[in-house]
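This is what each chain is made of:
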Amino acid sequence: NAGVTQTPKFRILKIGQSMTLQCTQDMNHNYMYWYRQDPGMGLKLIYYSVGAGITDKGEVPNGYNVSRSTTEDFPLRLELAAPSQTSVYFCASRRTPAGGEETQYFGPGTRLLVL
Amino acid sequence: DQQVKQNSPSLSVQEGRISILNCDYTNSMFDYFLWYKKYPAEGPTFLISISSIKDKNEDGRFTVFLNKSAKHLSLHIVPSQPGDSAVYFCAASDETGANNLFFGTGTRLTVIP
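Calculation criteria
- Residues numbered from 1 in each chain as written.
- Chains lettered and ligands numbered in written order.
- Predicted model: local features only at pLDDT ≥ 70, side-chain atom pairs only at ≥ 80, totals over all residues.
- Heavy atoms only, no water.
- Disulfide = S-S within 2.5 Å.
- Helix = DSSP H or I, 4+ residues; strand = E, 2+ residues; numbered from the N terminus.
- Contact = heavy atoms within 4.5 Å.
- Buried area = accessible area lost by both parts, 1.4 Å probe.
- Salt bridge = Lys/Arg side-chain N within 4 Å of Asp/Glu carboxyl O.
- Polar contact = N/O pair within 3.5 Å; in protein donor to acceptor, adjacent residues only side chain to side chain.
- Pairing = 2+ DSSP bridges.
- Axes fitted to C-alpha atoms, helices over the stretch in contact; angles between N-to-C directions.

Quick notes on the state of the cysteines
By definition, a disulfide links the sulfur atoms of two cysteines through a covalent bond. Residue and element names in this part refer to chain A. Summed over the entire model, instances satisfying the criterion amount to 2 disulfides over all chains. With a sulfur-sulfur separation of 1.8 Å, cysteine 23 is cross-linked through a disulfide to cysteine 91. Classification of the bridge connecting cysteine 23 and cysteine 91 rests on its S-S torsion, roughly -70°, and on that basis the disulfide is left-handed. On the criterion of sequence distance, the pair formed by cysteine 23 in strand 3 (residues 19-25) and cysteine 91 in strand 9 (residues 87-94) is long-range, its members being 68 residues apart.

Here it is as structure tokens:
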């Protein structure tokens, strides 16, 4: 199993450009998440999904959109890139909890620089 | 509003000694706590967790202690090894349906050989 994979690893965007960060998991997990990590800070939740076709906002959703058409994929869309979106983005997944399992499994991250 | 706090940005420990990383939280609805370890240019990896119904959980060299009355948890690593050098994040889960995680700002542990 590859686990959680993210592409690209690194991207430079100009202000106002758009892009999609890709996330795929092969563990058949229902729950998927997008976080951003700013320098010296913890991870903050952008959006999450509890299953295909179901998404919801996290703590910092402004400027982002998501979709979940399949169990495996959870892309994150930036429509109008701004310098404040310069960050490292992590995708994570978790199986439907049985007996209280809470562990999320993270991808390697996408480093985004907006200039 | 930071609901999970790690007040020590860094910690240096000699190899073989104990490392103690601390974490405080403010939300009494948190019912599950996790520690993640992160190396540079990699995603966080799960290390150990504890449910709010317990006060201690042990896994090899790693032990997590939970003090609910003080809203405080700590991670003990003994003996510390150079390979333990990484950033450690404390995270907490609330009781909502998706069990979203709230992360602290991390503590960078350096184990000196």
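A closer look at unusual backbone geometry
With an omega of -5°, the peptide bond between Thr7(A) and Pro8(A) qualifies as cis. Cis geometry is adopted by the peptide bond preceding Pro79(B), which originates at Val78(B) and carries an omega value of -10°. Along the chain, Pro79(B) falls in the loop between strand 8 (72-77) and strand 9 (86-93). Positive phi values are uncommon outside glycine, yet Asn28(A) reaches one of about 60°. Within the fold, Asn28(A) resides in the loop between strand 3 and strand 4 (31-37).

Side note on the interface of chain A and chain B
Each partner contributes residues to the interface: chain A has 22 residues there, and chain B has 20 residues. Summing both partners gives a buried area of about 1,600 Å² for chain A against chain B, and 56% of it is carried by carbon and sulfur. Linking chain A to chain B there are 0 salt bridges. Between the two partners, chain A and chain B, sit 1 residue pair in polar contact (both at pLDDT 80 or more).

Overview of the sheet that holds strand 8 (residues 76-78) of chain A
All names here are of chain A. Taken in spatial order, the 4 strands make up an open sheet running 1-3-8-7, and their pairing is antiparallel. Strands at the two margins of the open sheet, each flanked by one partner only, are strand 1 (4-7) and strand 7 (64-66). Taking each pair of neighbouring strands and ignoring which way they run, the sheet shows an average axis angle of 20°.

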